Amino acid sequence: MSNSLKEEKLLELFEEYYQDHPFIFLSKEPIFLKQVVNTNKCLIQIEKIGSKLVVHSIIDNLVKGASGQAVQNMNLMFGLDECAGLRLKANYF
């Protein structure tokens, strides 16, 4: 999709939208899988190439993609802190 907004404005819009999402983090730098291994994090990096917006995102599909999402949903269903049991420390390899 063509976009006429500047990259800084697009990043500002993303930051505003995701400000209340505890596991989503925006990066101005390139993102790498090692940053999310064994975490419930989703990292997002946006860049503008010409008039096109390119959105890069990474998750650990075992934690964020399946079991972590189930725990996060259960926490919400039972009125618990959304982050309970999900603040895991990443192991860098």
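Everything numeric here is computed off the predicted structure, so don't read it as measured data.

Caption draft 1: Just the overall build of the chain, in detail. The number of helices and strands found in the chain is 2 helices and 3 strands. Secondary structure elements of the chain occur, N-terminal to C-terminal, as α-β-β-β-α. Judged by the C-alpha coordinates and their principal axes, the chain covers about 45 × 35 × 20 Å. Buried positions account for 28% of the 93 residues belonging to the chain. Total accessible area on the chain stands at roughly 6,500 Å², and carbon and sulfur atoms take up 58% of it.

Caption draft 2: Highlighting the sheet that holds strand E2 (residues 42–49). The 3 strands are arranged E1-E2-E3 in an open sheet whose pairing can be described as mixed. Each edge of the sheet is formed by a strand with only one pairing partner; in this case those strands are strand E1 (24–27) and strand E3 (52–59). Between one strand axis and the next, the sheet turns by 25° as a mean value, whatever way the strands run. Bridge count between E2 and E3: 8 bridges; the pairing is antiparallel. Among the inter-strand pairings, Ile46 is bridged to a residue of E3, identified as Val55. Most of the contacts of helix H1 (residues 7–18) go to E2, to which it runs at about 155°, and overall it touches E1, E2 and E3.

Cut-off values and rules
- Residues numbered from 1 in each chain as written.
- Predicted model: local features only at pLDDT ≥ 70, side-chain atom pairs only at ≥ 80, totals over all residues.
- Heavy atoms only, no water.
- Helix = DSSP H or I, 4+ residues; strand = E, 2+ residues; numbered from the N terminus.
- Buried < 20%, exposed > 50% of the residue type's maximum accessible area, 1.4 Å probe, protein only.
- Areas by Shrake-Rupley, 256 points an atom, 1.4 Å probe, with all protein chains shown as cover.
- Pairing = 2+ DSSP bridges.
- Axes fitted to C-alpha atoms, helices over the stretch in contact; angles between N-to-C directions.
- Contact = heavy atoms within 4.5 Å.

Everything listed here is a matter of geometry and, on its own, says nothing about what the molecule does.
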